[in-house]
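Listed below are the residues making up each chain.
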Amino acid sequence: MESVDMLATGLVQEGDAILIRCDKVYKPATVEKRRSVTINKQKVLLDDLIGQKYCTMLNLHNNKLTPLDVLPASIKVADDATTSRDNRHISDDCSSQLLSQSDILTMRSSGVAGEQIVENVIKNSASFDERTEFSQEKYVKRKQRKHVTMVTIFRPTTRLLCQMYHARGPSRICQLRMDTISQMITMANVRASNKMVVMETCQGLLLGAALERMGGDGLLVHLFTGDLPVRKALDYYGNTLSEQDRTILLEYPLRRIMSLKEESSQSEQVINDDAEDASTSSSDDEPPVKRVAKTTKGVVNDDGKEAMRLHRQLEREKRYAVAKGHLQQGDFDGLIIATPHHPMPITMATIDLLAPSRPFVVYHQFIEPLVMTYQSLKQSGKVFNLQLSETVLRYYQVGVVMWC
């Protein structure tokens, strides 16, 4: 887990990818001038964030973000070193507050800033001066959480993105928690200079965690379902992942894995291009470049959109060809599978990509598919030291802690 010092290093610059937290809800954004985002039903320009420190608390009022003072300047805090105050005679029955709830609601409706409301509440509290310094700070923070819309700016990390997806919808990341991600990354031996295969449909969150761990050294092949990889979480990382970190990432369609294994088994036949492979397969299994070459003959498009689409597909095929060479070579150092689909056929199709005695991790949000996968792997005789475990997160409330 990241320390606050590491998250708070540096200032917010134009072009940075950030996470905006408001009421335990995270919102991703890219800092650009004259660009606005909606926070708590208020449209805010991101120009106010440029030059601010990360992890700084900001006050949102009248579509403006300003730094939030921990304690209003007009409020004098007690000094416990010079006074002998304590909280033994303070009772929490609201009798010491001179302002009524209707007075506070009237100030809110009239557009009074939240900090001004907090200051008025403190001034009209008869017991505030009797509190200790620590109790006064707690009192002020409690009133600020109630009356002030506080916004905090963070650098995107795997932990914060995981919290963001859990608040939005955990099903998008297959109900993954941060402790589960940590166990998967550790058990799969993800580290620098390793060759890894990751098959995930978790918005790219596992890919980002693996790229963070590898630090731009090694190789990471993403096996994806469908026509294009869905990696929205990687965009949210922004400049947290450098260009060097992203250069080790390749992608390859999962549906071509079986044909890839058939090609590698025919050692005496050398295949120079994808057209020869298409002659022995059905039209549905043809590579996209061959299909595009068939369907776009004689097509003229004045606006050039078809040419741009062809260019993008050709660039993707070039990346697929690079990933295909690594997959045919095999000898990968680790495998991670996390998908809502049944993991058994995916595991059996990709387990041969690993080098001998290399670890792999299969995750599913339900245990029944994992039991079937466990039984299939046991019967295959290809693996040893196979374990089936369930991660359970328990929250413990710590009572009194005595520091020695």
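Preceding this paragraph is the structure being described.
Residues numbered from 1 in each chain as written. Predicted model: local features only at pLDDT ≥ 70, side-chain atom pairs only at ≥ 80, totals over all residues. Heavy atoms only, no water.

## As for the packing of aromatic side chains
At step 1: Under the criterion given, the structure shown has five aromatic pairs.
At step 2: Ring centres of Phe-128 and Tyr-139 lie 5.8 Å apart, and the angle between their planes is 55 degrees; this geometry places the pair in the tilted category. You can see Phe-128 sitting in the loop between helix H3 (114-123) and helix H4 (133-147) and its partner Tyr-139 sitting in helix H4, a full 11 residues away along the chain.
At step 3: Look at Phe-128 and you get buried, because its relative accessible area is 2%.
At step 4: Using a relative accessible area of 5% as the deciding quantity, one classes Tyr-139 as buried.
At step 5: Look at Phe-224 and Tyr-320: their rings are 6.1 Å apart centre to centre, the planes differ by 40 degrees, and that puts the pair in the tilted class. Linking Phe-224 in strand S9 (residues 218-224) with Tyr-320 in helix H13 (residues 305-329), this pair joins segments that are 96 residues apart in sequence.
At step 6: Across the ring face of Phe-332, the terminal group of Lys-195 is positioned such that the distance to the ring centre comes to 4.8 Å. (Phe/Tyr/Trp six-rings, centres within 6.5 Å; stacked < 30°, edge-to-face > 60°. Helix = DSSP H or I, 4+ residues; strand = E, 2+ residues; numbered from the N terminus. Buried < 20%, exposed > 50% of the residue type's maximum accessible area, 1.4 Å probe, protein only. Lys NZ or Arg CZ within 6 Å of the ring centre and 35° of its normal.)

## Points about the sheet that holds strand S10 (residues 249-253)
Within a sheet, neighbouring strands are paired by backbone hydrogen bonds and run either parallel or antiparallel to one another.
At step 1: Taken in spatial order, the five strands make up an open sheet running S10-S9-S8-S11-S12, and their pairing is parallel. Two strands in the sheet have a free side with no partner beyond their single neighbour: S10 and strand S12 (360-363). Strand-to-strand, the axes of this sheet are offset by a mean angle of 15 degrees, without reference to chain direction.
At step 2: Where strand S8 (residues 194-200) and strand S11 (residues 334-338) come together, five bridges link them in parallel fashion. Counterpart to Met-196 in the pairing with S11 is Gly-334.
At step 3: Here H13 sits on the sheet and contacts S8, S9 and S10; the angle it forms with S10, its principal contact strand, is near 85 degrees. (Pairing = 2+ DSSP bridges. Axes fitted to C-alpha atoms, helices over the stretch in contact; angles between N-to-C directions. Contact = heavy atoms within 4.5 Å.)

## Observations regarding the pairing of strand S3 (residues 36-39)
At step 1: A one-sided burial pattern is seen for S3, the buried positions being Val-37 and Ile-39 and the unburied ones Ser-36 and Thr-38.
At step 2: Pairing of S3 with strand S4 (residues 42-45), which is carried by four bridges, proceeds in the antiparallel orientation. From the neighbouring strand, Val-37 faces S4, where its bridge partner is Val-44.

## As for the environment of Ile-367
At step 1: Residue position: Ile-367 is located in helix H15 (residues 367-380).
At step 2: Expressed as a C-alpha distance, the spacing of Ile-367 and Ser-389, which sit 22 residues apart in the sequence, is 9.1 Å.

## Here's the deal with unusual backbone geometry
Excluding glycine, residues mostly carry a negative phi; peptide bonds, for their part, are mostly trans.
At step 1: Phi is positive for Arg-34, which is not a glycine, with a value near 60 degrees.
At step 2: Position of Arg-34 relative to the elements: it lies in the loop between strand S2 (25-30) and S3.

## Some remarks on the packing of helix H14 (residues 343-350) against H15
At step 1: As a packed pair, H14 and H15 sit with axes 8 Å apart at the nearest point and diverge in direction by 35 degrees. Where H14 crosses over H15, the handedness of that crossing is right-handed. For the pair H14 and H15, the contacting residues are Pro-343, Met-344, Thr-347 and Met-348 in the first and Pro-369, Leu-370, Met-372, Thr-373, Ser-376, Leu-377 and Ser-380 in the second.
At step 2: The residue makeup of the contact of H14 with H15, split by class, is seven nonpolar, four polar and no charged. (Left-handed = near helix turned anticlockwise from the far one by under 90°. Nonpolar A, V, L, I, M, F, W, Y, C, P; charged D, E, K, R; others polar.)

## Considering the nonpolar core
At step 1: The biggest cluster of nonpolar side chains holds 38 residues, and the ones touching the most others in it are Leu-176, Ile-181, Met-184, Val-190, Leu-205, Leu-220 and Ile-336.
At step 2: Of all the secondary structure elements, the ones that give two or more residues to this core are helix H5 (158-168), helix H6 (178-187), S8, helix H7 (205-214), helix H8 (232-237), S11 and S12.
At step 3: Considering each element in turn, this core owes the most residues, seven residues, to H7. (Core = buried A, V, L, I, M, F, W, Y, C linked by side-chain atoms within 4.5 Å.)

## Examining the sheet that holds strand S6 (residues 64-67)
At step 1: Taken in spatial order, the five strands of this open sheet run S2-S1-S7-S5-S6, and their pairing is antiparallel. If you trace the sheet from one side to the other, it starts and ends with S2 and S6, each paired once. The mean inter-strand angle of the sheet, taken between neighbouring strand axes irrespective of direction, is 35 degrees.
At step 2: Where strand S1 (residues 17-22) meets S2, six bridges bridge the pair, whose relative direction is antiparallel. Bridging from a neighbouring strand, Leu-19 pairs with Pro-28 of S2.
At step 3: Of the strands in this sheet, S1, S2 and strand S7 (150-154) touch H5, which is tilted by about 115 degrees from S2.

## Some remarks on the pattern of salt bridges
At step 1: Enumeration according to the criterion identifies 11 salt bridges in this entry.
At step 2: The residue Lys-123 makes a salt bridge to Glu-119 at a minimum N-O spacing of 3.5 Å. Separated by four residues within a single helix, Lys-123 and Glu-119 lie in helix H3, roughly one turn from each other.
At step 3: Close ionic contact of Arg-309 with Glu-306 constitutes a salt bridge, the shortest N to O distance being 2.3 Å. Of this pair, Arg-309 and Glu-306 both sit in helix H13, three residues apart, roughly one helical turn.
At step 4: For Arg-309, a relative accessible area of 31% gives the class partly exposed.
At step 5: Salt bridges here are not isolated pairs; linked through shared partners, they connect Arg-231, Glu-251 and Arg-319. (Salt bridge = Lys/Arg side-chain N within 4 Å of Asp/Glu carboxyl O.)

## What about H7?
At step 1: The buried fraction of H7 amounts to eight of the 10 residues, a majority that puts the element mostly inside the structure.
At step 2: Every buried residue of H7 is listed here: Leu-205, Leu-206, Leu-207, Gly-208, Ala-209, Ala-210, Leu-211 and Met-214.
At step 3: Downstream of H7 by one or two residues, Gly-215 has phi in the positive range, about 65 degrees.

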